[in-house]
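Architecture and fold: a report
Residues per chain, in single letters:
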Amino acid sequence: MILRKLVIAAILVGLALPAMGQTTSQQRRSTQDQQVQEIATVELQEKEKFRGVSASVEDGIVTLSGTVELLIDKENAEKRVRKVKNVDGVRNHIEVAGKQLSDAELRETLANKLRYDRVGYGIVFNNLTVSVENGAVTIGGKVRDYPDRNSAIAIVETTPGVKDVTDEIDVAPPSLTDDELRVRLARAVYGHSGLQKYALDPQAPIRIVVENGHVELAGVVLNKGDRQIAYAQANSVPGVFSVKNGLMVASEVTD
């Protein structure tokens, strides 16, 4: 009888051990979460622009809430918290509560900024598109390289009124052949006597997009004659496989 009771007691103790281990693990996790929350809060409060942001932690996942002025601030707050030790993930629920603009106003602001972006770095070879819906921006089009793409995204992220951004920019594959072709095309188009007036404009009104020898002209010209000249000049460059003429005439642009 005594032996039987001892066996039962041993079994009960054995059953209790996993539960005790689980409790200890939960306590350790809870303590770690508290430490992460304290460190994350300190990291955020060090910067004035993040002082409207709070952090809560559960099972290593940090949830950020509150408001910031710019989209880039929302993204940087998350990056800052991700660097904290023992953070397994971040839920970013921060709201961008800065300057309020209508979609039309925001699109115009962005278009004007992007039109002159990377002046002196070959902007003539980029063609970007922008759309806005409820403050969320979608930026697309084609650019020559990643620095051009990154610069465009940075403009969007730092513009007041932007709530979110979707990157749909197509970056051309690296190609020395295409680079050489870009230079010859720019000389042929902007060097023509009838088109030299466009070379004086720093926004490069005639954009020349090249990918694997295929060319697309984009932008706005003054009349149909200039549009046709640009197309003919691009077609005359050796090494060009095809030319798509997407140039618009100013009088026909409705926007």
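Use the structure listed above.
Overview of the structure. Bear in mind that the values here come from a model prediction, so they are computed numbers and not experimental data.

Section: the overall build of the chain
- Scanning the chain from terminus to terminus reveals seven helices and ten strands.
- Its C-alpha atoms give the chain a radius of gyration of 29 Å, more than 25% over the compact-globule value 18 Å for 255 residues.
- When its C-alpha atoms are laid out on the principal axes, the chain stretches across 110 × 40 × 30 Å.
- When each of the 255 residues of the chain is scored for burial, the buried share is 36%.
- Excluding contacts between residues fewer than 6 apart, the proportion of contacts in the chain whose partners are at least 24 apart in sequence is 66%.

Observations concerning the environment of Ser-56
- Assignment of secondary structure puts Ser-56 in strand β1 (residues 53–58).
- When the C-alpha positions of Ser-56 and Glu-78 are compared, they lie 13 Å apart, and in sequence the two are 22 residues distant.

Observations regarding the packing of aromatic side chains
- If you walk through the whole model with that rule in mind, you get zero aromatic pairs.
- Positioned over the ring face of Tyr-121 is Arg-118, at 4.5 Å from the centre of the ring.

Description of the nonpolar core
- With 34 residues, the main nonpolar core has Leu-44, Val-62, Leu-64, Leu-110, Val-137 and Ile-139 as its most contacted residues.
- With four residues, helix α4 (residues 146–157) is the single largest residue contributor to this core.
- Ignoring anything within four residues of it in the chain, the contact list for Leu-110 reads Val-130, Val-132, Val-137, Ile-155, Val-156, Thr-159 and Val-162.

Here we look at α4
- Here α4 is twelve residues long and its end C-alpha atoms lie 16 Å apart, about the 16 Å a rise of 1.5 Å per residue gives.
- All of the buried residues in α4 are Asp-148, Ser-151, Ala-152, Ile-153, Ile-155, Val-156 and Glu-157.
- Taken together, the buried residues of α4 touch α2 (71–82), α3 (103–115), β5 (127–133), β6 (136–143) and β7 (164–171).
- Here α4 starts with a cap whose side-chain oxygen sits 3.1 Å from the backbone nitrogen of Asp-148, and that cap is Asp-145.

Observations regarding the pairing of strand β9 (residues 214–221)
- In terms of strand pairing, strand β8 (residues 206–211) meets β9 through six bridges, oriented antiparallel. Bridge pairing in β9 places Ile-206 opposite Gly-219.
- Counting the residues in the hairpin turn of β8 and β9 gives two residues, including Asn-212, whose phi is positive at 55 degrees.
- Once the chain exits β9 it traverses helix α7 (residues 224–235) before rejoining the sheet at strand β10 (residues 242–249), and the crossover so formed is right-handed.

Cut-offs and rules
- Residues numbered from 1 in each chain as written.
- Predicted model: local features only at pLDDT ≥ 70, side-chain atom pairs only at ≥ 80, totals over all residues.
- Heavy atoms only, no water.
- Helix = DSSP H or I, 4+ residues; strand = E, 2+ residues; numbered from the N terminus.
- Rg over C-alpha atoms; globule rule 2.2 N^0.38 Å.
- Buried < 20%, exposed > 50% of the residue type's maximum accessible area, 1.4 Å probe, protein only.
- Contact = heavy atoms within 4.5 Å.
- Phe/Tyr/Trp six-rings, centres within 6.5 Å; stacked < 30°, edge-to-face > 60°.
- Lys NZ or Arg CZ within 6 Å of the ring centre and 35° of its normal.
- Core = buried A, V, L, I, M, F, W, Y, C linked by side-chain atoms within 4.5 Å.
- Expected span 1.5 Å × (residues − 1).
- Polar contact = N/O pair within 3.5 Å; in protein donor to acceptor, adjacent residues only side chain to side chain.
- Pairing = 2+ DSSP bridges.
- Right-handed = clockwise from strand over helix to strand, strands pointing away.

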